[in-house]
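Here are the chains, one letter per residue:
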Amino acid sequence: MRGWILDLCPGEPGEMVVWLKLDDGSVARLVDSWSPSIFIGADRGTDLAVPLRVVGHELAWTNTVMKYEKVTDRARSEVVEAKLKDARRAQQVAGRIERLGPFGAYRLYNADVPPNQTYLYERDLFPLAYCEVSSSGGRLQWDLRDDVWAYEYDIPNLRKVELDVEIAKEGKLARPSDRVEAIKLRSDSGEVVIQSSDEAEMILELVKTVRSADPDFITTRDGDSFLLTYLIRRAEAAGVAERLSLDRDGGLMKVPSKSGTSYFSYGKIHYKPSSIKLKGRIHIDVNTSFAYSEAGFEGLFELSRICRMPLQTSSRASIGKALSSLQFYHATKIDLLVPWKPTLVEHFKDRNELLLADRGGFIYEPRMGVHEDVGELDFSGLYPNIMLRKNLSAETVRCSCCPDSKNRVPELDWNVCERRKGIVPLAIEIIVQKRLRYKELKKSAQGQAYERYDARQAALKWLGVTTFGYLGFNNAKFGRIDAHIAVCAWDRRVLLDAARVAERRGFEVIHGIVDSLWVKRERADRDDYLDLKAEIESETGFAMSFEGIYKWVTFLPSKVDSAIPVLNRYFGAYEDGELKVRGIEARRHDTPLAFARCQMEILRVLAEADSVQAAQAKVPECAEVFLRTAGALERHEIPASELAFTTNLSKAPEEYSSMTVQRAAVDQLVGAGAQLHAGEGIRYVITDYRGHDSKRATPVDVIKDETKYDARRYIELLAATCASVLEPFDPRRTTGGLLSLYERRRSPGLQ
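First, a word on what this report is: a plain description of the structure on this page. (Residues numbered from 1 in each chain as written. Predicted model: local features only at pLDDT ≥ 70, side-chain atom pairs only at ≥ 80, totals over all residues. Heavy atoms only, no water.)

Points about the nonpolar core
Part 1 of the argument: Ranked by size, the top nonpolar core spans 109 residues in total, and within it Tyr119, Trp142, Phe379, Leu463 and Val519 carry the most contacts.
Part 2 of the argument: If you tally residues by element for this core, the top one is helix H13 (residues 481–504), at 13 residues.
Part 3 of the argument: Here Leu463 is in contact with Leu303, Cys307, Ile319, Ala322, Leu323 and Ile431, once residues within four sequence places are set aside.
Part 4 of the argument: Within the second largest apolar cluster, 61 residues are counted, among which are Phe626, Ala632, Ile682 and Phe729. (Core = buried A, V, L, I, M, F, W, Y, C linked by side-chain atoms within 4.5 Å. Buried < 20%, exposed > 50% of the residue type's maximum accessible area, 1.4 Å probe, protein only. Helix = DSSP H or I, 4+ residues; strand = E, 2+ residues; numbered from the N terminus. Contact = heavy atoms within 4.5 Å.)

Some thoughts on the packing of helix H15 (residues 593–607) against helix H19 (residues 711–726)
Part 1 of the argument: Packing of H15 against H19 brings their axes to within 10 Å, and their N-to-C directions diverge by 30°. Judged on the interaxial angle alone, H19 and H15 are roughly parallel. In this structure, the crossing between H15 and H19 has a hand that is right-handed. Residues Phe595, Cys598, Gln599, Ile602, Leu603 and Leu606 of H15 form the contact with H19, whose participating residues are Tyr714, Leu717, Leu718, Thr721, Cys722, Ser724, Val725 and Leu726.
Part 2 of the argument: Residue classes in the contact of H15 with H19 are distributed as 11 nonpolar, 3 polar and no charged. (Axes fitted to C-alpha atoms, helices over the stretch in contact; angles between N-to-C directions. Parallel < 35°, antiparallel > 145°, perpendicular 65-115°, else oblique. Left-handed = near helix turned anticlockwise from the far one by under 90°. Nonpolar A, V, L, I, M, F, W, Y, C, P; charged D, E, K, R; others polar.)

What to know about the sheet that holds strand S26 (residues 697–699)
Part 1 of the argument: Spatial strand order, S24-S25-S26: 3 strands in an open sheet with antiparallel pairing. Unpaired on one side and paired on the other, strand S24 (645–648) and S26 mark the two borders of the sheet. Taking the axes of each pair of neighbouring strands and ignoring which way they run, one obtains an average angle of 40° across the sheet.
Part 2 of the argument: Across 4 bridges, the pairing between S24 and strand S25 (residues 681–686) is antiparallel. Its bridge partner being in S25, Thr647 is matched across the sheet by Ile682.
Part 3 of the argument: Across the sheet, helix H18 (residues 661–671) lies against S24, S25 and S26, angled at about 45° from S26, the strand it touches most. (Pairing = 2+ DSSP bridges.)

Quick notes on the sheet that holds strand S3 (residues 27–33)
Part 1 of the argument: If you trace the 5 strands from one edge of the open sheet to the other, you get S3-S2-S1-S8-S9, paired in antiparallel fashion. Only two strands of the sheet have a single partner each, and these edge strands are S3 and strand S9 (139–144). In this sheet, adjacent strand axes meet at a mean angle of 40° when their direction is disregarded.
Part 2 of the argument: Strand contacts of helix H3 (residues 115–123): strand S1 (2–10), strand S2 (15–22), S3 and S9, with the helix running at about 140° to S1, the strand carrying the most contacts.

Some details on helix H20 (residues 735–746)
Part 1 of the argument: Along its 12 residues, H20 runs 17 Å from first to last C-alpha, staying within 8% of the 16 Å computed at 1.5 Å per residue.
Part 2 of the argument: Contacts made by the buried residues of H20 are with helix H17 (619–634) and H19. (Expected span 1.5 Å × (residues − 1).)

Written as structure tokens, this is what we have:
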């Protein structure tokens, strides 16, 4: 039979279950006799006799094989391959072996690679790959009729439904004890509403409807964190839990045994709820799926295919996890084992070398203020291209085999391997090349084709960005800070060389950050900038894109100290009127919708101006936008939902001490029965900013129609938002200046 790989997961011990979406639209459930292996190393082979005897009942068989244990190894070494009876027991078996001796006595590998991903690596398959498959003696034989490098590939007609539940809330927040009021299933063919006075009847009708519609995807909002758990609890209360099944395997839905986890990443606390996955049918919680939120279904499909992660896994995974899977695949192909607990350390550096090395990318401080006729040039995917073209990876930077390599790291003079390609360049080659091709295809595409290429390149963009960060991540399986430092050194060289080329041609550098340059030359036109771009590409060897010429562009100061410029806070209008904004309120995820809308309206008015002087003349018109919105706030004409601030909890609720507006919202949510964790996001409206108790703010989830927001405080915050884009054009339009203007407008004599 032929079809597309839709889903796969371990079945009974010794089995991998694969669901294939067939050409005729049906779905076949296939079973392969297969289980994964873990690998065990020790200084002497005889040292493994005891652990293998202790866990022998968990193993199908063992065998001595030759593998690369470390990414830096030049030769294979002898390890024991232990084939597991039950794929789900890998980490428990590895943990038991590890505890039999001091740390490092037993080196364990591939213990935490998900078994369904291992299956894909070993079979050289990927999700949504079109294949021909046959069965013989309980084993599946796969004939791949697809190519992960393909830019134009067929995706089957996948049926999708959105599941939603209306809850008869008895309190301010929905709780598992609240009854189901209605269940809704939306699809392209319409909406099905299930209602009854009998909860059991509604739940069983949901099961029946899903079975009849037979969707391939079920999307939810907060399905992992609440909705599906709620349905399970209501099924238990109604006595039909043993009949609640939404997957294709007939498995009963169960509340996850583990709670979610809070974790720290890039300076912020995040929270990830435990996932509820279906078998043979894909559940996507759109509120927790980074890939889906950034790139939709097309981006998710591309990410899953390239990284060889099942769709339900990749929809919930961080981009770093997806990148790791791609590296694990390449490791499997070259006989490199994946360490359970990484132990690769950085090379020793004395203080002088460390001072020279640990400097990050190069920055030209922006010249604050408003500038005219500035051109912007960006290197295309500079960091991934540096890693790929300079062969930068944990095992290649300062390798022991090529001390006299001609490939040297700038400034540091570190050698880079010339004998082998690193695991990181191996993995990112497909990311770099496919993204470049999708961007080219997008230029001549329209409609759905344009949207498809754009979504795919967006997903690959995030993979490329994450690749650099993972080089220095202490928990990365194949990371090492030396490679991270080498990428930064190359970036500094490239950006400095680009700036020197620009200066030779008479351009003035207005700003430069990592992979972008803003330059200006009097009376320079588009051809002059294109000539500059070509010379920089020739001198550096890296491709650039010319983004355009700004009619005007503003680089903003720090909000803490107005004498200090901020690297990534700017906005401007290109010659065609297109706006580019970075770092200001309209771009921030925590900004209320009404504020972002007001600020963007002001920017669109400014974008009509062809010069700084013309933009200055537009300031009175922009001030009217502020005054109109402020008036609407005072009259409470703007819905409270459009004034909600969004924030992630930086700590557990009980750890808050001061009564901030965030704390006020948290207290109300906890009081209403919510279970909050560090890293979870909350949305709240300021209701009494100058108060001193939990009434300072109200969570969006408990807002009532009669809830009144603190209009005075919102007008103050709106003034600050508008001032950040108006003050550069008129120094009188500060926060205080705008508030004074509003007060004068409110006075009867000035109406």
